[in-house]
Amino acid sequence: MTLLILITLLWAASFSLIGVYLAGQVDGYFVVLVRMALALLTILPFFRWRSLRSQPAQLAKLAAIGAIQIGTMYLFLYHAFIYLSVTEVLLFTIFTPLYITLIDELILNRRHLPLLWWLAAAISVIGAAVIRYQPLSDDFVTGFLLIQAANACFALGQVAYKRLPTGPALAQTQQFAAFFFGATVVAAIGFALFGNAQLMPSSTLQWGILLWLGVVASGLGYLGWNIASKQVNTGQLATMNNALIPAGILVNVLFWQQTTDYSRLLIGGTVIIFAVWLAGRVNQLRAA
């Protein structure tokens, strides 16, 4: 859980950097491609090249997971911004915990999960809704469906990685370049099809932020998140997906002086923390 919390804080800061310095100024598909390529280069030195011969099927699975979890997810996400405001995008991402729980129980794990995990995921959605709910625009159905597709991709990738036998953390690190390879291929296709080559970074600051997002937020962040996903139960993983919402708002308020409804932030954040604690109770009950 500690690693998931640290990465949540890391991604919360990154979200503000994107919103302040990149959104609307640099092509989103180019941002995704650079992030994935830099993440791949960051992790590549740890890659065990002999695994190309000894574990080709395992590497293919990792590449497929990366292509879905972050490659395809980002394609849906950036299309959704055409139809939705940033607030609506954040609002519609709150269903990710339910997708994680549903996919793990009915598709990949194929066994009934504890009711407490379902309850924790639902409570997490309620807490996020308290924080982010805003009146919706008139034309949002297409955007809503795109965000749900993005949520499903991110959830499917997380659960698939959690259930994939990968060995200890060191072994995962030595194989993880395949994950980013799959994501980079999808990102490159997305930029080729939808990218705007006229919207390139125009300042050293923007290039520096891209470097941070690629090496730290993506390269180290996704590696740490997926490794940590194997050390928590499905309920904890699901509810932590919504912890980014209060964390992101808090960072935005503290460092960029953005206004927010503090009462909703406090109430919603408390509800999400309670959901994470509730999911962890399953492990405690089993150990008792």
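Residues numbered from 1 in each chain as written. Predicted model: local features only at pLDDT ≥ 70, side-chain atom pairs only at ≥ 80, totals over all residues. Heavy atoms only, no water.

## Section: the overall build of the chain
Definition in use: Secondary structure elements are defined from DSSP: runs of H or I of at least 4 residues count as helices, runs of E of at least 2 residues count as strands, and each element is numbered from the N terminus. When accessible area is computed with a 1.4 Å probe and restricted to protein chains, residues below 20% of their type maximum are described as buried, those above 50% as exposed, and intermediate ones as partly exposed. Throughout, a contact is declared for two residues whenever any of their heavy atoms are within 4.5 Å. In these tables, accessible area is a Shrake-Rupley quantity obtained with a 1.4 Å probe, and a residue counts as shielded only by the protein chains included in the view.
Counting secondary structure elements, the chain contains 14 helices and zero strands. Secondary structure elements of the chain occur, N-terminal to C-terminal, as α-α-α-α-α-α-α-α-α-α-α-α-α-α. Buried positions account for 53% of the 288 residues belonging to the chain. Once local pairs closer than 6 in sequence are excluded, the contacts in the chain between residues at least 24 apart make up 90%. Of the accessible surface of the chain, which amounts to about 13300 Å², a share of 70% is contributed by carbon and sulfur atoms.

## Quick notes on a nonpolar patch on the surface
For the record, the criterion: Only residues above 30% relative accessible area that lack a salt bridge enter a patch, with like-charged residues linked at up to 9 Å and the nonpolar side chains Val, Leu, Ile, Met, Phe, Trp and Tyr linked at up to 5 Å. Here, a salt bridge means any Lys or Arg side-chain nitrogen found within 4 Å of an Asp or Glu carboxyl oxygen.
A cluster of nonpolar residues, Phe-181, Val-185, Ile-189, Leu-193 and Phe-194, forms a patch on the protein surface that exposes about 500 Å² of accessible area. Its place among the elements puts Val-185 in helix H10 (residues 177-194). A residue is classified by how much of its surface remains accessible, and Val-185, at 37% relative accessible area, is partly exposed.

## Comments concerning the packing of aromatic side chains
For the record, the criterion: What counts as a ring pair is set by centres within 6.5 Å for rings of Phe, Tyr and Trp (its six-membered ring), and what kind of pair is set by the plane angle: stacked under 30 degrees, edge-to-face over 60, tilted for all other angles. A ring has a charge above it when a Lys NZ or an Arg CZ is no more than 6 Å from the ring centre and no more than 35 degrees off the ring normal.
The final tally for this structure, using the stated rule, is ten aromatic pairs. Above the face of the Tyr-161 ring, Lys-230 is positioned so that its terminal group lies 5.1 Å from the ring centre.

## A look at helix H11 (residues 204-229)
Rule in force here: Under the convention used throughout, the expected extent of a helix is 1.5 Å for every residue step, that is, one less than its residue count. To get the bend at a given residue, fit one axis to the seven residues ending there, fit another to the seven starting there, and take the angle between those axes.
Taking 1.5 Å as the rise per residue, H11 with 26 residues should run 38 Å; its terminal C-alpha atoms sit 35 Å apart, in good agreement. At Gly-221, H11 is bent by approximately 35°, the largest bend along its length.

## Focus on the side chain of Gln-148
Mapped onto the elements, Gln-148 comes out in helix H8 (residues 141-163). Not counting residues within four places of it along the chain, the set of residues in contact with Gln-148 comprises Phe-92, Phe-95 and Tyr-99.

## Comments concerning the nonpolar core
Rules: To qualify as a nonpolar core, a set must consist of buried Ala, Val, Leu, Ile, Met, Phe, Trp, Tyr and Cys residues joined through side-chain atoms within 4.5 Å.
Formed by 64 residues in total, the largest nonpolar core has its most connected members in Leu-22, Ile-70, Met-73, Tyr-74, Phe-176, Phe-180 and Tyr-222. Elements with a contribution of two residues or more to this core: helix H1 (2-22), helix H2 (28-43), helix H4 (56-80), H8, H10, H11, helix H12 (234-240) and helix H14 (262-287). Top contributing element to this core by residue count: H4, with eleven residues. With residues up to four places along the chain from it excluded, the contact list for Phe-176 reads Ile-43, Tyr-161, Tyr-222, Leu-223 and Asn-226. Of all hydrophobic cores here, the second largest spans five residues; its members include Ile-100, Ala-155, Val-159 and Ala-238.

## Some remarks on the packing of H8 against H11
Counted only if it meets this: To obtain each axis, a line is fitted to C-alpha atoms, and for helices this fit is confined to the stretch in contact; angles are then taken between N-to-C directions over 0 to 180 degrees. Roughly parallel means an angle under 35 degrees; roughly antiparallel, over 145; roughly perpendicular, 65 to 115; everything else is oblique. In this scheme, a crossing is called left-handed if the near helix is turned counterclockwise away from the far one by less than a right angle; it is called right-handed if the turn is clockwise. For this scheme, ten residues count as nonpolar: Ala, Val, Leu, Ile, Met, Phe, Trp, Tyr, Cys and Pro. Four count as charged, namely Asp, Glu, Lys and Arg, and the remainder, Gly too, count as polar.
One way to put it is that H8 packs onto H11 with a least axis distance of 8 Å and a crossing angle of 60°. On the basis of their axis angle, the class for H8 and H11 is oblique. Considering the relative orientation of H8 and H11, their crossing is right-handed. Between H8 and H11, the residues in contact are Phe-154, Gln-158, Tyr-161 and Lys-162 and Tyr-222, Trp-225, Asn-226, Ile-227 and Ser-229, respectively. Looking at the contact of H8 with H11, its residues break down into five nonpolar, three polar and one charged.

## Looking at H10
Taking 1.5 Å per residue as the helical rise, H10 with its 18 residues ought to reach 26 Å, and the 25 Å between its terminal C-alpha atoms agrees with that figure. All of the buried residues in H10 are Ala-177, Ala-178, Phe-179, Phe-180, Gly-182, Ala-183, Thr-184, Val-186, Ala-187 and Gly-190. In this structure, the buried residues of H10 make contact with H2, H4, helix H9 (169-175) and H11.

## Regarding the confidence of the model for the chain
To be explicit about the condition: The quantity known as pLDDT measures the predictor's confidence residue by residue, on a range of 0 to 100.
For the chain, the mean per-residue pLDDT works out to 82, and 83% of the residues sit at or above 70. The least confident element of the chain, judged by mean pLDDT, is helix H5 (residues 86-92) at 66; the most confident is H10 at 96. Scored below 50 in pLDDT, residues 283-288 makes six contacts in the model with residues more than four places away or belonging to other chains.

## Here we look at the environment of Phe-180
Assignment of secondary structure puts Phe-180 in helix H10. The spatial distance from the C-alpha of Phe-180 to the C-alpha of Gly-66 is 5.8 Å, given a sequence separation of 114 residues.

## Looking at the packing of H2 against H10
Running from N to C, H2 and H10 cross one another at 155°; their axes reach a closest spacing of 8 Å. In terms of axis orientation, H2 runs roughly antiparallel to H10. Relative to H10, the crossing made by H2 is left-handed. For the pair H2 and H10, contact is made by Tyr-29, Phe-30, Val-32, Leu-33, Met-36, Ala-37, Ala-39, Leu-40 and Ile-43 and by Ala-177, Phe-180, Phe-181, Ala-183, Thr-184, Ala-187, Ala-188, Gly-190, Phe-191 and Phe-194, respectively. Looking at the contact of H2 with H10 residue by residue, the classes come out as 17 nonpolar, two polar and no charged.

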